[in-house]
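Structural overview for review
Spelled out, the chains give:
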Amino acid sequence: MNALLHGRLTGLLALGAVIAVLPAFLPNNFYLDIAILAGFNAVVCVGLNLLIGYAGQISLGHAGFFGIGAYASGVLVGTYGWPPIVALLAGAVFVGLLAFLVAKPILRLKGHYLAMATLGIGIIVSIVLRTESGLTGGPDGMMVEPFKIFGVELYGEKVWYWVVGVLLVGVVWLSLNLIDSPMGRALRAVHGSEVAAEVVGVDTARFKVMVFVLSAVFASVAGSLFAHYAGLITPAKADFFKSIELVTMVVFGGMASTFGAVVGAVVLTLLPQALTIFQDYQQIVLGGILMATMVFMPKGLLPTLAALLPARRRA
Amino acid sequence: MKMLATTDLSPDITAQARRVGPPILKVEHLSREFGGVLAIGDLSFAIAAGDIHSIIGPNGAGKTTLFNLVTGVYKPSGGRVLFDGADVSGMAPYRLAARGMSRTFQNLQIFFNMTALENVMVGRHLHLNTRLLPALFRVPSLVRKDREAKDRAAQLMADVGLGKYVDADAASMPYGALKRLEIARALASEPKLLLLDEPAAGLNATESREIDEVIKTVAASGVTIVLVEHDMKMVMGISHRITALNQGRMLAEGTPQEVAANPDVIAAYLGAAP
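The rules we used
- Residues numbered from 1 in each chain as written.
- Chains lettered and ligands numbered in written order.
- Predicted model: local features only at pLDDT ≥ 70, side-chain atom pairs only at ≥ 80, totals over all residues.
- Helix = DSSP H or I, 4+ residues; strand = E, 2+ residues; numbered from the N terminus.
- Rg over C-alpha atoms; globule rule 2.2 N^0.38 Å.
- Buried ≥ 20, exposed ≤ 12 C-beta atoms within 10 Å, placed from the backbone.
- Contact = placed C-beta atoms within 7 Å.
- Axes fitted to C-alpha atoms, helices over the stretch in contact; angles between N-to-C directions.
- Parallel < 35°, antiparallel > 145°, perpendicular 65-115°, else oblique.
- Left-handed = near helix turned anticlockwise from the far one by under 90°.
- Nonpolar A, V, L, I, M, F, W, Y, C, P; charged D, E, K, R; others polar.
- Pairing = 2+ DSSP bridges.
- Domains from an automatic or database assignment.
- pLDDT = per-residue confidence, 0-100.
- Expected span 1.5 Å × (residues − 1).
- UniProt positions renumbered as here; feature names shortened; annotations may be inferred.

**Description of the overall build of chain B**
The helix and strand tally for chain B stands at 12 helices and 10 strands. Against the compact-globule benchmark of 19 Å for 274 residues, chain B has a radius of gyration of 19 Å, which places it among compact chains. C-alpha extents for chain B along the principal axes are approximately 70 × 40 × 40 Å. Here chain B holds 274 residues, and 46% of them are scored as buried. Excluding contacts between residues fewer than 6 apart, the proportion of contacts in chain B whose partners are at least 24 apart in sequence is 66%.

Here is the structure:
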């Protein structure tokens, strides 16, 4: 128990420390911008990992939820003049309801129906965003007002870096709490053996729906804040390839590892910046990474490294 | 056919004669077919509260199908299942668990993505706060009850002889230990009725005897046990009553001595005399 508590706090402190000292090593706003993007991706991935890594369900539409959050903020604040925080919450509630309505019938079934359904949702969201140009600005996207709360306007990379940093630490904290709780064990039990979970009283369908809704809401909140940070959003942020990118980040970083999801998001956000080949062949490179991860380190980067470390120490 | 006398009595009368509790589980005209093949046909019997009641029969007799019907994993094609007097036919397993029924599996169903202790802690699910918000914010009452659940799970593991595996990952444990881990997990839900599907399968003689002891201890604590098992030595040694199935139908029912002496049972196991 002590070790577990210790482990959780250690990880959280380490993450906080990295976030705290990182700006000192980032020479200019270009690098801060990449760090912020990595942070947003990490927030989505931590939520997605609850669904994929812990509960063993697949979503191929999380970029859609991210996109709905982003456009909810863009449209409600820009067009209708809502306060940004209210728009963010409204987007999150809408995404939560949508995720619930989709998951409720689907997750009674076993197998990969959720993957199919979320694939469909992602594509529908992306089409709507592209075609409803009166509302969304169409394929060119739309400008988004800055985030204002209590009269303070969040502006610039330096401010947003800390906003995203705090958000990420908060989301990781929530995720670690959840996993080490009765509900978290129920989620992992669903992954381990649905029938065994059922016979000790776990309503597996209910927990699958709950974790799906939760992870969708995380994505929506990240999307809303991203929209305000970036100032411009396009439907590309919500499309199928973005969803695949998110899944790849989770799988690559380490399924069923909250910090693995963070590492996966950071590495795969940096990679396109470091390798120009990534720009031209993004889908191929992502597919290659996904396949190589499944074949050579099915547990993902962080758990694989963690398993190596004690062995080295013993040797 | 005189040997079959006891099975001619309705289970209720049999139970009364033995002055044991009322039936905790009753199966009435239960049947289940898979694509026209009858796995269980018109099966009726009752299990008295407090008994260790074994279900035996050759391979394919329908024992595991019966378990799956009783525990809600399959829905019956006909007939009904009464648990504690209520009709629970086709009720979802998690609802049955809340009513006090749990089981283990012939083919292990372990949460290999968790530690052994966490496996047993999942068994405490019904007794813990499983809501989302208290979990996300780690409210003190949830943490406190979770710690109690952890102690209790560790105690249960010790009770079934798994004390040394408390900190182990389930995936690193040997087969025999996993069999017992399933029992500990089921017990953690505090069932009134526990169905054990071949708990001794694949175990050596020593391990079988240990499982024997575990089952007797559990029964002595007041849990009714339904046992499917091929290890006849175990079945004859610990059962109060035995129901023998063949090809999905009732073959015989009675005390271990009665069933062992039943010519139909012998014929089903060894092949009928010409």
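**Details of the environment of B:Ser89**
Residues and elements named next belong to chain B. You can see Ser89 is positioned in the loop between β5 (86-87) and α4 (93-99). When the C-alpha positions of Ser89 and Gly41 are compared, they lie 15 Å apart, and in sequence the two are 48 residues distant. With near-sequence residues (within four places) excluded, Ser89 lies in contact with Pro76, Arg80 and Val81.

**Points about the packing of helix α11 (residues 240-253) of chain A against helix α14 (residues 282-296) of chain A**
To describe two helices that pack against each other, one gives the angle between their axes and the distance between the axes. Residues and elements named next belong to chain A. Close contact between α11 and α14 brings their axes to 10 Å; oriented N to C, the two are set at 30°. Taken together, α11 and α14 sit at an angle that is classed as roughly parallel. Where α11 crosses over α14, the two elements pack in a sense that is left-handed. Contacts between α11 and α14 involve Phe241, Ile244, Glu245, Thr248, Val251 and Phe252 from the former and Gln283, Leu286, Ile289, Leu290 and Thr293 from the latter. The residue makeup of the contact of α11 with α14, split by class, is 7 nonpolar, 3 polar and 1 charged.

**Digging into the sheet that holds strand β4 (residues 78-83) of chain B**
Residues and elements named next belong to chain B. Here 4 strands make up an open sheet; going across it, the order is β2-β1-β4-β5 and the pairing antiparallel. The sheet is open, and its two borders are formed by β2 (37-48) and β5, each paired with just one other strand. Summarising the sheet, strand β1 (residues 23-34) and β2 pair through 8 bridges and their orientation is antiparallel. Note that in β2 the partner of Leu25 across the bridge is Ile47. Packed onto the sheet, helix α3 (residues 63-70) meets β1, β2 and β4 and runs at close to 115° relative to β1.

**What about the pairing of strand β10 (residues 249-254) of chain B?**
Residues and elements named next belong to chain B. Relative to β10, strand β9 (residues 241-246) is paired through 5 bridges, and the arrangement is antiparallel. Looking at the pairing, Ile242 lines up with Gly254 of β10. Here β9 folds back onto β10, and the loop between the two strands holds 2 residues, one of which, Gln247, carries a positive phi near 50°.

**Topic: the sheet that holds strand β6 (residues 101-103) of chain B**
Neighbouring strands of a sheet are bound in pairs by backbone hydrogen bonds; such pairs are parallel or else antiparallel. Residue and element names in this part refer to chain B. The strand order across the open sheet built from 6 strands is β6-β7-β8-β3-β9-β10, with neighbouring strands paired in mixed fashion. With partners counted over all chains shown, the strands left at the sheet margins are β6 and β10, one partner each. Going from strand to strand, the sheet's axes swing by 20° on average, the running direction of each strand aside. For strand β3 (residues 52-56) and β9, the ladder comprises 4 bridges, and the chain directions are parallel.

**With respect to the domain arrangement of chain B**
Accessible area lost on assembly of the parts is the figure often given for the size of an interface. Residue and element names in this part refer to chain B. Under the domain assignment used here, chain B contains domain 1 (1-97 + 191-274) and domain 2 (101-190). Here the C-alpha centroids of domain 1 and domain 2 sit 27 Å apart. Counting residues at the interface gives 22 residues for domain 1 and 18 residues for domain 2. Along the lines of polarity and charge, the residues of the side of domain 1 that touches domain 2 split into 15 nonpolar, 3 polar and 4 charged.

**Considering unusual backbone geometry**
Despite not being glycine, B:Glu190 shows a phi value in the positive range, around 55°. Owing to 15 C-beta atoms within 10 Å, B:Glu190 belongs among the partly exposed residues under this scheme.

**Some remarks on the environment of B:Lys192**
All names here are of chain B. Note that Lys192 resides in the loop between α8 (175-188) and β7 (193-197). As for Lys192 and Ile24, which are separated by 168 residues in sequence, their C-alpha atoms are 8.6 Å apart. Beyond its immediate chain neighbours, meaning those up to four positions away, Lys192 contacts Ile24, Gly100, Val223 and Thr224.

**Quick word on the interface of chain A and chain B**
With 27 residues of chain A at the contact, the number on the chain B side is 38 residues. Every element with two or more residues in the side of chain A that touches chain B is listed here: α7 (157-179), α8 (182-192), α9 (194-199) and α10 (204-230) of chain A. The greatest single-element share of the side of chain A that touches chain B, amounting to 9 residues, is contributed by α8(A). Classifying every residue of the side of chain A that touches chain B gives 16 nonpolar, 7 polar and 4 charged.

**Description of the packing of helix α2 (residues 29-54) of chain A against helix α12 (residues 258-274) of chain A**
Residue and element names in this part refer to chain A. At their nearest, the axes of α2 and α12 sit 7 Å apart, and the two run at 140° to each other. Comparing the axis directions of α2 and α12 gives the class oblique. As α2 runs across α12, the sense of the crossing is right-handed. Across the interface between the two elements, Ile34, Leu37, Ala38, Asn41, Ala42, Cys45, Val46, Asn49 and Gly53 from α2 touch Thr258, Ala261, Val262, Gly264, Ala265, Val266, Thr269, Leu270 and Gln273 from α12. Looking at the contact of α2 with α12 residue by residue, the class counts come to 11 nonpolar, 7 polar and no charged.

**Some remarks on the confidence of the model for chain A**
The predicted model of chain A averages 90 in pLDDT, with 95% of residues at 70 or higher. Scored below 50 in pLDDT, residues 1-5 of chain A makes 3 contacts in the model with residues more than four places away or belonging to other chains.

**Section: α12(A)**
The end-to-end C-alpha distance of α12(A), which contains 17 residues, comes to 25 Å, matching closely the 24 Å that a straight helix rising 1.5 Å per residue would cover. Of all the residues in α12(A), the buried ones are A:Thr258, A:Phe259, A:Gly260, A:Ala261, A:Val262, A:Val263, A:Gly264, A:Ala265, A:Val266, A:Leu268 and A:Thr269.

**Side note on the UniProt feature "transmembrane region" (unreviewed entry) in chain A**
All names here are of chain A. Listed under "transmembrane region" (unreviewed entry) in the UniProt record, and renumbered for this structure, are residues 30-52, 59-79, 85-103, 112-129, 159-179, 209-230, 250-272 and 284-309. With 81% helix and 0% strand, residues 59-79 has end C-alpha atoms that lie 31 Å from one another. The span residues 159-179 carries 100% helix and 0% strand; its end-to-end C-alpha distance comes to 31 Å.

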